[in-house]
Amino acid sequence: MRYMLFCCIDENHWDGLSQQERDDVMADYGAWVDGLEASGRHIMSARLQPVANAATVRSNGARFRVLDGPFAETKEQIGGFHLVEAESREDALALAQGIPTLRVGGTIEVRALRPEYA
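What comes next concerns the included structure. (Residues numbered from 1 in each chain as written. Predicted model: local features only at pLDDT ≥ 70, side-chain atom pairs only at ≥ 80, totals over all residues. Heavy atoms only, no water.)

Right, let's talk about the state of the cysteines for a bit. Under the defined criterion, the tally for this structure stands at zero disulfides. Between C7, a free cysteine, and C8, which holds the nearest cysteine sulfur, the sulfur-to-sulfur gap is 7.3 Å. (Disulfide = S-S within 2.5 Å.)

Within the secondary structure layout, R41 lies in the loop between helix 2 (19-39) and strand 2 (42-47). In sequence terms R41 and D68 are 27 residues apart; their C-alpha atoms lie 35 Å from each other. Look past the residues within four positions of R41 in its chain and what remains in contact with it is L36, L83, V84, E85, A86, D91 and L95. A polar contact of 2.3 Å, which involves the side chain of R41, links it to the side chain of D91. (Helix = DSSP H or I, 4+ residues; strand = E, 2+ residues; numbered from the N terminus. Contact = heavy atoms within 4.5 Å. Polar contact = N/O pair within 3.5 Å; in protein donor to acceptor, adjacent residues only side chain to side chain.)

Next up on the list: the sheet that holds strand 2. An order of 2-5-1-6 is seen for the four strands of this open sheet, with the pairing classed as antiparallel. Of all strands in the sheet, those bounded by a partner on one side alone are strand 2 and strand 6 (107-112). On average, each strand axis in the sheet is inclined to that of its neighbour by 20°, with strand direction left out of account. Summarising the sheet, strand 1 (residues 2-9) and strand 5 (residues 77-85) pair through eight bridges and their orientation is antiparallel. Residue pairing for strand 5: C8 is matched across the bridge by I78. Across the sheet, helix 2 touches strand 1, strand 2 and strand 5, and the angle it forms with strand 2 is around 160°. (Pairing = 2+ DSSP bridges. Axes fitted to C-alpha atoms, helices over the stretch in contact; angles between N-to-C directions.)

Just geometry here; none of it tells us what the structure is for.
Right under this line is the structure:
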């Protein structure tokens, strides 16, 4: 089954880390993705631009509204994602526990793709 691992972190917190800490996390990300690739479980990963570049589209049924910024009013923002193959929810959770941003205050949301779209 395919799972999306949404990597969330407070952008201000991330920006407040030293350059060395950010470089170390990103180097560890490379190793983590390489491990997924080697196991044949990696489908896709991407890092998103900052939320300052985000827009949200809403509709009341009659017309559309475009708002600057992300949809959710939270301290953490989705900074990137990984689409992976996992045997089970528990397997996907175990993969998520290896994501390096967890050690610097990140959060990972794990969601299965609906079978008709996987």
